[in-house]
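Remarks on the overall topology
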Amino acid sequence: MESPLAPRRSERLARLERTIESELVPRLLTSHRAGPVPPVLATAIARELSERDVDGFVAAVRSPDDARAVEFIRDVLAEGATIEAVYLDLLAPSARRLGQMWDNDECDFVEVTVSLGRMQRLLRDLSQVFLADASRSEPVGNALLTCIPGEQHTLGIIMVGEFLLRDGWRVLVGAPWSESDLLTMVGTEWYDVIGFSVGSESRLPILKRDIRRLKSASRNPHVQFMVGGQVFCEHPNAADEVGANAIAGDAREAPQIARRLLAAARRAAADAPKEAVSEHDQFSDALERT
């Protein structure tokens, strides 16, 4: 005769199995995986980050206690958030939130600068984990990423650099260089893609001038220009006006867009007269030997 406790035990066992399947196993996969989790599985088990998380992180990064932001990131990662989600769904919107608070006089320039500095340090700390599954094949191409002189906050361009590095690109990311420095760099080194981040519409005339001059000075006659920043999200036609080839809406899109630009540049080089592409061929051969 079956014990009356059997149905209750069966229910408890079913609940335990569901808990193991839905919570414990995903946490173990996230925290102790021996190799990369397939993207579909990683998305399925990842903890989603919300506006409430952004609110909490902005409060932490503005706190006098420098450790609060570090602890916040550690906690959301322990709860199953991916590094990519932290980059795109926490750090990026938090940086935008700080910019809005500055515009609305809710915090001053010093506080915004200190907060963004903390976020950049966090980005560097997370970089090793983020780049762990980077492509180990020969480099995709060379990219130079920078901001217009006068732009103070470089978090977005650093984040784009991280995604390009993970995709297999060689990337040079720098604080705003002077125009003369940029002209020297593109005249002496080969870059397939040059990326600019712009935060203000007032900087667009300067960007248009710089792109025109960099095209003329570039060692690569088919160099491509990728732009990003809030101003291009609000005014997509501005990319054509400044002479850029494409807009990267966020860091996640950047590798795919950069590869598309690289393919377009190579098609243009293949269609050019033989003597015009000889230097490119020599550079490509040298790159493959390194």
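Residues numbered from 1 in each chain as written. Predicted model: local features only at pLDDT ≥ 70, side-chain atom pairs only at ≥ 80, totals over all residues. Heavy atoms only, no water.

1. A closer look at helix α4 (residues 67-78)
Counted only if it meets this: A helix here means a DSSP run of H or I that spans at least four residues, while a strand means a run of E at least two residues long, and both kinds are numbered starting from the N terminus. Here, expected helix span is obtained from the residue count minus one, scaled by 1.5 Å. For each residue, the accessible area found with a 1.4 Å probe, counting protein chains only, is set against the maximum for its type, and the residue is called buried under 20%, exposed over 50%, and partly exposed in between. Here, the arc refers to the directions that run from the helix axis to the C-beta atoms. Contact between two residues is taken to exist if any of their heavy atoms lie within 4.5 Å; hydrogens are not considered.
Taking 1.5 Å as the rise per residue, α4 with twelve residues should run 16 Å; its terminal C-alpha atoms sit 16 Å apart, in good agreement. Within α4, burial applies to Ala69, Phe72, Ile73 and Val76. Across the axial projection of α4, the buried residues extend over an arc of 95°, all falling on one side. Turning to α4, the residues buried within the fold contact α3 (51-62), α5 (83-103) and α6 (109-130). The first or second residue beyond α4 is Gly80, which carries a positive phi of 110°.

2. Focus on the nonpolar core
In plain terms, the rule: To form a nonpolar core, buried Ala, Val, Leu, Ile, Met, Phe, Trp, Tyr and Cys residues must be joined to one another through side-chain atoms within 4.5 Å.
Core analysis: the largest hydrophobic core is formed by 51 residues, its most contacted members being Phe57, Tyr87 and Met159. Of all elements in the fold, only α3, α4, α5, α6, β1 (142-147), α7 (155-166) and α12 (254-271) reach the threshold of two or more residues within this core. Of all the elements, α5 adds the most residues to this core, at ten residues. Ignoring anything within four residues of it in the chain, the contact list for Phe57 reads Ala69, Phe72, Ile73, Leu90, Leu91, Ser94, Met119 and Leu122. One finds Ile148, Tyr191, Leu214 and Val227 within the second-largest nonpolar core, a separate group that totals 23 residues.

3. Describing the confidence of the model for the protein
Just so we agree on the cut-off: For every residue, the predictor assigns a confidence score, pLDDT, that lies between 0 and 100.
Residues with a pLDDT of 70 or more make up 74% of the protein, whose mean pLDDT is 79. In the model of the protein, helix α2 (residues 39-45) stands out as the element of lowest mean pLDDT, 44, in contrast to strand β4 (residues 224-228), which has the highest, 95. Every residue in residues 16-45 is under pLDDT 50, and counting partners more than four places away or in other chains gives 18 contacts. In this model residues 276-290 is a low-confidence stretch, pLDDT under 50, and it forms 13 contacts with partners more than four residues away in sequence or in other chains.

4. Looking at the packing of α3 against α6
The condition that has to hold: In this description, a line fitted to the C-alpha atoms serves as the axis of each element, helices being fitted only across the stretch in contact, and the angle between N-to-C directions of two axes falls anywhere from 0 to 180 degrees. Throughout this description, any angle smaller than 35 degrees is read as roughly parallel, any larger than 145 degrees as roughly antiparallel, any in the 65 to 115 degree range as roughly perpendicular, and the remainder as oblique. Gly counts as polar in this scheme, as do all residues outside two lists: the nonpolar Ala, Val, Leu, Ile, Met, Phe, Trp, Tyr, Cys and Pro, and the charged Asp, Glu, Lys and Arg.
Direction vectors running N to C along α3 and α6 enclose 105°, while the axes themselves pass 9 Å from each other. Considered as vectors, α3 and α6 are oriented roughly perpendicular to each other. Of the residues in α6, those touching α3 at Phe57, Ala60, Val61 and Arg62 are Glu111, Ser115, Arg118, Met119 and Leu122. Counted by class, the contact of α3 with α6 contains five nonpolar, one polar and three charged residues.

5. Thoughts on the environment of Tyr191
Residue position: Tyr191 is located in the loop between α8 (179-188) and β3 (193-197). The residues touching Tyr191, leaving out its near neighbours within four places in the chain, are Asn142, Ala143, Leu144, Leu172, Met185, Val186, Asn220 and Val223.

6. Some details on α12
Here α12 spans 26 Å end to end across 18 residues, near enough to the 26 Å set by a 1.5 Å rise per residue. Within α12 the residues assigned to the buried category are Ala254, Pro255, Ile257, Ala258, Leu261, Leu262, Ala265 and Ala269. Looking straight down α12, one finds its buried side chains confined to an arc of 160°; they lie on one side. The exposed set on the far side of α12, more than 90 degrees from its buried face, consists of Gln256, Arg267, Ala270 and Asp271.

7. Some points on the pairing of β3
As a reminder of what qualifies: Between any two strands, pairing holds if DSSP finds at least two bridges. A clockwise path from the first strand over the helix to the second, with the strands pointing away from the viewer, defines a right-handed crossover.
Of all five residues that make up β3, five are buried, and the element is covered over most of its length. Of the two faces of β3, the one carrying Val193, Gly195 and Ser197 and the one carrying Ile194 and Phe196 are both buried. Here β1 pairs with β3 via five bridges, running parallel. In the strand pairing of β3, Leu145 is matched with Gly195. Of the pairings in the sheet, the one linking β3 to β4 comprises five bridges and is parallel in character. Its bridge partner lying in β4, Ile194 is registered against Phe225. On the question of chirality, the crossover connecting β3 to the parallel β4 by way of helix α9 (residues 204-217) is right-handed.

8. Remarks on the pattern of salt bridges
Keep this limit in mind: Think of a salt bridge as a Lys or Arg side-chain nitrogen and an Asp or Glu carboxyl oxygen that are within 4 Å of each other.
A complete count under the given rule lists eleven salt bridges for this structure. One salt bridge in this structure joins Arg62 and Glu111, with 2.6 Å as the shortest N-O distance. Placement of the pair is Arg62 in helix α3 and Glu111 in helix α6, with a sequence separation of 49 residues. Classification of Glu111 by relative accessible area gives partly exposed; the value is 23%.

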